[in-house]
Amino acid sequence: MSKLLEVHQENVSKFLSSTKQMLINGVWVPSISGKVYESINPANGEIIAKIYEGDKEDVDRAVRAARAAFNGPWSVTSPAKRSKLLNKLADLLEQRSEEFAYLESIDGGITINFARYGFVPSAIAHLRYYAGWATKLTGQTIPFTTGGNLHAYTKREPIGVCGQITSWNIPLLGAIWKLAAPLAAGNTVILKPSQQTTLTALLLGELIRDAGFPDGVVNIVTGSGGKIGEAITSHPDIDKIGFTGSTVVGKGIMKSSAETLKKVTLELGGKSPNIIFADADIAKAIKGSFMGMFTNQGQVCMAGSRLYVEKEVYNQVTEKLVTMAQKMKVGNPLDPTSQMGPLVSKQHLETVKNYIETAIKEGAKVLTGGNTLQDGELAGGNYLQPTILIDLDENCTAVKEEIFGPVLCVMPFEDIDEVIGKANLTEFGLASGVWTKDISKAFKVINALEAGTVWVNNYLHSDNAIPLSGYKQSGIGSEMGYPGIEAYTKTKSVVINLD
């Protein structure tokens, strides 16, 4: 470990030395019940922190604080001031980025380099992007089509109190996604981080206070998804729900939110197809497809987990993928040379292993990987080899269901219509990829794919200005871009009689 990292390790150790409390109305408080849960380092199974476990009563406290802030100081905070606060938060996060990278690594198993150069800078950029939008939300002046001396216009207003629930795979970035757009639009927030990866959200809470946000604008309630999530989604005084997670949980949130007709934005599961045609730049396609699957241990909702390769180059592609997988260093996430760290928990490791075992029973072949790693410094951790499966059909469980781990399904195809049909044969529609030098072919596939994002000759390249939307059972609404902030506003129409 570098000396610089040791300094940040010391700062994080101080942060973790006490039982972590919840942020409600600008004050750090324990849960009403006094119950706690443990944060486990997925790299070695060690307890790294104890965190207070909230309940319905804690959500009630947070909602009252958020409502008071929305009706009070936040309602008279100008867009320019909101922008300044978000930029200040970005500055503070940048100043302490190494601490956040270290904490991401020990809490979620994210490799230190990916946290340092990927997730943390992305979180900073996301804050700054939406800081810019705070001052640019406008309505329209509308001509009155039926005549008369009437003046009509629209204005955009914040929705109110937002219950924001994050996933465990991108803890800091996920929290920022759930804060930046709502706050820029003038809403207040109850943030519920994942119970499995809570700590960066709590460290972020310290920065939110330091940045000068009024009390109650951001509240952070920690605990189980079942208890806290249900309390948030069913609460009568929460106006909007933003959720990132599984499709199963998303359906439950819709049911719970329906009683009070809450607005919802749901970014849900995926089983994304990635298509390599024989006329592609094969070297580039292999590299991009490999990283599009095994980034963050495959714990990415948009991962290209179904790889379709034209028969002419199928053997060439699979052989190279196997070589890359076997050379990939799986190791301690704090080691800068590690390319893949542990899965987030023992339970999730077992879930992914069960998918591999089921695939074998259903006739699939493991081309490489599939085994846990427990030797030496990996002892006690949730490590799994990058795994490549072949000899699969469309009815195989591993092809149909989201595994959310380092398991790539590789399947051959013979023509464009066949692969389009196979690519769309899923209940999901989050993302997809196409690799070809033929622009006409690319556009035919782009237009045919049932997915919210299509990457052509790249995979997982993103930008804060580009909306992230899910087709079919991959979600409702959009994050990122202008649609991402529009989702946290409501339209008011005004008609004035000038006579």
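Relevant structure appears above.
Residues numbered from 1 in each chain as written. Predicted model: local features only at pLDDT ≥ 70, side-chain atom pairs only at ≥ 80, totals over all residues. Heavy atoms only, no water.

*Asks:* I keep staring at the overall build of the protein chain and nothing clicks. Help me out?
*Replies:* Within the protein chain one finds 16 helices and 26 strands. A compact globule built from 499 residues would reach a C-alpha radius of gyration of about 23 Å, and the protein chain, at 23 Å, matches this within 12%. Its C-alpha atoms put the protein chain at 75 × 65 × 40 Å along the principal axes. A total of 499 residues make up the protein chain; the buried ones form 57% of that total. For the protein chain, the computed accessible surface area is about 20100 Å², with 52% contributed by carbon and sulfur atoms. Taking the average place of the 48 positive charges on the side chains of the protein chain and the average place of its 51 negative ones, the gap between the two points comes to 5 Å. (Helix = DSSP H or I, 4+ residues; strand = E, 2+ residues; numbered from the N terminus. Rg over C-alpha atoms; globule rule 2.2 N^0.38 Å. Buried < 20%, exposed > 50% of the residue type's maximum accessible area, 1.4 Å probe, protein only. Areas by Shrake-Rupley, 256 points an atom, 1.4 Å probe, with all protein chains shown as cover. Lys, Arg positive; Asp, Glu negative; His and termini not counted. Charge placed at Lys NZ, Arg CZ, Asp CG, Glu CD.)

*Asks:* Explanation requested: the side chain of E157 in the structure shown.
*Replies:* With respect to the helices and strands, E157 occurs in strand 6 (residues 150-158). For E157, a relative accessible area of 18% translates into the label buried. The contact partners of E157, leaving out residues within four places of it in the chain, are Y488, T489, K490 and K492. (Contact = heavy atoms within 4.5 Å.)

*Asks:* When you look at the nonpolar core in this model, what are you seeing that I'm missing?
*Replies:* Across soluble globular proteins, nonpolar side chains show a tendency to be buried alongside one another. With 105 residues, the main nonpolar core has L183, L204, F213, I276, L321 and V410 as its most contacted residues. The element that contributes the greatest number of residues to this core is helix 6 (residues 171-185), accounting for eleven residues. Those residues in contact with L204, other than ones at most four positions away along the chain, are L89, F100, L172, A175, I176 and L179. Counting 28 residues, the second largest nonpolar core, distinct from the first, contains F277, V407, V419 and V434. (Core = buried A, V, L, I, M, F, W, Y, C linked by side-chain atoms within 4.5 Å.)

*Asks:* Would you explain a negative patch on the surface in this entry?
*Replies:* Taken together, the side chains of E362, D393, E401 and E427 define an acidic patch exposed on the protein surface. When you line up the elements, E362 lands in the loop between helix 12 (346-361) and strand 14 (365-368). Given the relative accessible area of 40%, E362 is considered partly exposed. (Patch = residues over 30% accessible without salt bridge, like charges linked within 9 Å, V, L, I, M, F, W, Y side chains within 5 Å. Salt bridge = Lys/Arg side-chain N within 4 Å of Asp/Glu carboxyl O.)

*Asks:* How do you make sense of the pairing of strand 13 (residues 306-310) when you look at a structure like this?
*Replies:* The two faces of a sheet get side chains in turn, since along a regular strand they alternate between them. Along strand 13, five of the five residues are buried, which leaves the element largely enclosed by surrounding structure. With burial as the criterion, each face of strand 13 is covered, one bearing R306, Y308 and E310 and the other bearing L307 and V309. Here strand 12 (residues 273-276) pairs with strand 13 via four bridges, running parallel. Following the sheet pairing, I275 is matched in strand 13 by Y308. A crossover connection joins strand 12 to the parallel strand 13 through helix 10 (residues 282-294); in handedness this β-α-β unit is right-handed. Here strand 13 runs beside strand 18 (residues 407-413); their pairing, made up of five bridges, is parallel. Opposite E310, over in strand 18, you have F413 as the bridge partner. (Pairing = 2+ DSSP bridges. Right-handed = clockwise from strand over helix to strand, strands pointing away.)

*Asks:* Would you take a moment to explain helix 9 (residues 247-258) for this structure?
*Replies:* Structural remark: α-helix, 3.6 residues per turn; residues separated by three or four positions point the same way. Here helix 9 spans 16 Å end to end across twelve residues, near enough to the 16 Å set by a 1.5 Å rise per residue. T247, G250, I253, S256 and S257 are the residues of helix 9 that are buried. Where helix 9 is buried, its residues meet strand 7 (161-165), helix 8 (225-233), strand 10 (240-244), strand 11 (263-267) and strand 19 (428-429). (Expected span 1.5 Å × (residues − 1).)

*Asks:* How should the packing of helix 10 against helix 11 (residues 311-327) be read in this particular structure?
*Replies:* To characterise two packed helices, one gives the angle between the axes of the helices and the distance between these axes. Where helix 10 contacts helix 11, the axes come no closer than 10 Å and their chain directions differ by 50°. Considering the angle they form, helix 10 stands oblique to helix 11. In this structure, helix 10 meets helix 11 at a crossing whose hand is right-handed. Taken together, the residues of helix 11 that come into contact with helix 10 (itself represented by I282, I286, K287 and F290) are V313, Q316, V317, K320, L321, M324 and A325. (Axes fitted to C-alpha atoms, helices over the stretch in contact; angles between N-to-C directions. Parallel < 35°, antiparallel > 145°, perpendicular 65-115°, else oblique. Left-handed = near helix turned anticlockwise from the far one by under 90°.)

*Asks:* When you look at the sheet that holds strand 26 (residues 489-497) in this model, what are you seeing that I'm missing?
*Replies:* Backbone hydrogen bonds hold the strands of a sheet together, and the pairing may be parallel or antiparallel. Read across the sheet, three strands follow the order 5-6-26 without closing on themselves; strand pairing throughout is antiparallel. Looking along the sheet, the strands with just one partner apiece sit at the ends: strand 5 (141-142) and strand 26. Where strand 6 meets strand 26, nine bridges bridge the pair, whose relative direction is antiparallel. Bridge pairing links H151 to I496 in strand 26.

*Asks:* Could you clarify how one ought to interpret the packing of aromatic side chains in this entry?
*Replies:* One pair of aromatic rings is described through two measures. These are the centre distance and the angle between the planes. Tallied over the entire structure, the rule returns eight aromatic pairs. An angle of 90° between the planes, with centres 5.3 Å apart, marks the rings of W168 and F404 as edge-to-face. With W168 in the loop between strand 7 and helix 6 and F404 in the loop between helix 13 (397-400) and strand 18, this residue pair connects regions lying 236 residues apart in the sequence. Note on accessibility: W168 and F404 belong to one class, buried. Ring plane angle 85° and centroid distance 5.3 Å describe the contact between F277 and F413, whose orientation is recorded as edge-to-face. Of this pair, F277 sits in the loop between strand 12 and helix 10 while F413 is found in strand 18, placing the two residues 136 residues apart along the sequence. A residue is classified by how much of its surface remains accessible, and F413, at 1% relative accessible area, is buried. Looking at K20, its charged tip hangs above the ring of F15, at a distance of 3.9 Å from the centre. For K240, the ring lying beneath its charged end belongs to Y488, and the centroid distance is 4.6 Å. (Phe/Tyr/Trp six-rings, centres within 6.5 Å; stacked < 30°, edge-to-face > 60°. Lys NZ or Arg CZ within 6 Å of the ring centre and 35° of its normal.)

*Asks:* Please explain unusual backbone geometry as it appears in this structure.
*Replies:* Negative phi is the rule for most residues except glycine; trans is the rule for most peptide bonds. We note that N296 has phi near 55°; this positive angle belongs to a residue other than glycine. Looking at the element boundaries, N296 is found in the loop between helix 10 and strand 13. Judged by its relative accessible area of 5%, N296 falls in the buried class. Positive phi, normally seen in glycine, also occurs at F404, with a value near 60°. Residue class for F404 comes out buried when judged on its relative accessible area of 15%.

*Asks:* I tried to follow the sheet that holds strand 13 on my own but got confused; where do I start?
*Replies:* Read across the sheet, seven strands follow the order 14-17-18-13-12-20-21 without closing on themselves; strand pairing throughout is mixed. Of all the strands in the sheet, the pair left with one neighbour each is strand 14 and strand 21 (453-456). Neighbouring strand axes in the sheet, compared pairwise and without regard to direction, differ in orientation by 25° on average. Sheet strands touched by helix 14 (residues 416-423): strand 12, strand 13 and strand 18. Its angle to strand 13, the strand with the most contacts, is close to 175°.

So yeah, pure geometry; function would need other evidence.
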